[in-house]
Amino acid sequence: MKKSFVFAAGIIALTGLALTLSSSQVTAQKKGKSRPLTTAQLMSGLVKPQLVAIQGHAGGEKTPEGEDGWKSLTTSIALLNESSYTMMEDDRCPDKIWADACQILRKATASGLQAAAKKDAAGVRESIAGITASCKACHTEFKYKKK
Ligand code: HEC
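Engineer: Any chance you could explain unusual backbone geometry here in plain terms?
Structural biologist: The phi angle of most residues is negative, glycine excepted, and most peptide bonds adopt the trans form. One non-glycine residue, Asp91, lies in positive phi territory at about 60 degrees. Within the secondary structure layout, Asp91 lies in the loop between α3 (66–86) and α4 (96–117).

Below, the structure written as structure tokens:
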């Protein structure tokens with residue numbers, strides 16, 4: 001009887017701790033510590049439009065059109081690469097899952113930039129797969145589960 005009471009009290013204490021930890025994670029995911037940009041603004045204003053632009057140039061069977069197409073594609077990949085740093089700054093990153101997703105994004109965009117420099121459309125398409133894998137890696141944990 002006494003043992004199970006201690007056990008139950010332990011469970012309650014642990015649940016409380018878990019709730020405290022996860023609520024501080026939610027704060028970290030929504031915004032950084034001191035800068036005004038929210039994660040939602042970062043996503044809707046920078047990250048998503050650049051992915052849409054990249055897919056417009058090189059998604060599916062597409063190949064960027066002319067010098068302007070390649071230049072604009074390269075700009076979008078570089079901005080997405082930069083966003084992988086912004087996502088890590090200002091104490092926005094709550095844990096390793098977040099940090100790993102940013103690494104995936106950084107690596108995929110770096111290889112996309114190398115492919116774009118060689119006007120290698122197939123290489124860019126491969127990097128798009130890595131880029132979307134990074135969105136998924138983070139969203140599965142933070143956008144859907146804990147919101
Ligand atoms: C390191 C984590 C992380 C990565 C990587 C990431 N996202 Fe997000 N994203 C989030 C979080 C967290 C939210 C929820 C923000 C909120 O509602 O406060 C979100 C929300 C969004 C939203 C909704 C924004 C809104 O207005 O509510 C879009 C669109 C989005 N992400 C697109 C993308 C795309 C496209 C990629 C990949 C190129 C991506 N995200 C990669 C963490 C990430």
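Engineer: Looking at this structure, I do not really get the nonpolar core. What am I missing?
Structural biologist: Generally speaking, a soluble globular protein has its nonpolar side chains buried in company with each other. Grouped together as the largest cluster of nonpolar side chains are 23 residues, with contacts concentrated most on Ile54, Leu73, Met87, Val124 and Ile131. Among the secondary structure elements, those contributing two or more residues to this core are α2 (39–58), α3, α4 and α5 (121–145). Top contributing element to this core by residue count: α4, with seven residues. For Ile54, the residues in contact, after removing those within four places along its chain, are Gly59, Leu73, Ser76, Ile77, Leu80, Ile128 and Ile131.

Engineer: Before we go on, may I ask you to explain the coordination of the iron atom of the ligand in this structure?
Structural biologist: As a benchmark, a tetrahedral metal site with four donors has ideal angles of 109.5 degrees, while an octahedral site with six donors has ideal angles of 90 or 180 degrees. Bound to the iron atom of the ligand on the protein side are Met43 (SD) and His139 (NE2), at distances that span 2.0 to 2.4 Å. According to the relative accessible area criterion, Met43 is partly exposed, its value standing at 23%.

Engineer: Please explain the packing of aromatic side chains as it appears in this structure.
Structural biologist: Note on aromatic pairs: each is described by the distance of the centres and the angle between the planes. Inspection of every chain in the model, using the stated rule, returns one aromatic pair. Look at Trp98 and Phe142: their rings are 5.1 Å apart centre to centre, the planes differ by 75 degrees, and that puts the pair in the edge-to-face class. In this pair, Trp98 sits in helix α4 while Phe142 sits in helix α5, placing the two residues 44 residues apart along the sequence. Taken as a pair, Trp98 and Phe142 share a single burial class, namely buried. One Lys or Arg, Arg106, reaches over the ring of Tyr85 and ends 3.7 Å from the middle of that ring.

Rules of the game
- Residues numbered from 1 in each chain as written.
- Predicted model: local features only at pLDDT ≥ 70, side-chain atom pairs only at ≥ 80, totals over all residues.
- Heavy atoms only, no water.
- Helix = DSSP H or I, 4+ residues; strand = E, 2+ residues; numbered from the N terminus.
- Core = buried A, V, L, I, M, F, W, Y, C linked by side-chain atoms within 4.5 Å.
- Buried < 20%, exposed > 50% of the residue type's maximum accessible area, 1.4 Å probe, protein only.
- Contact = heavy atoms within 4.5 Å.
- Donors = N, O, S within 2.8 Å, 3.2 Å for Na, K, Ca; no water.
- Phe/Tyr/Trp six-rings, centres within 6.5 Å; stacked < 30°, edge-to-face > 60°.
- Lys NZ or Arg CZ within 6 Å of the ring centre and 35° of its normal.

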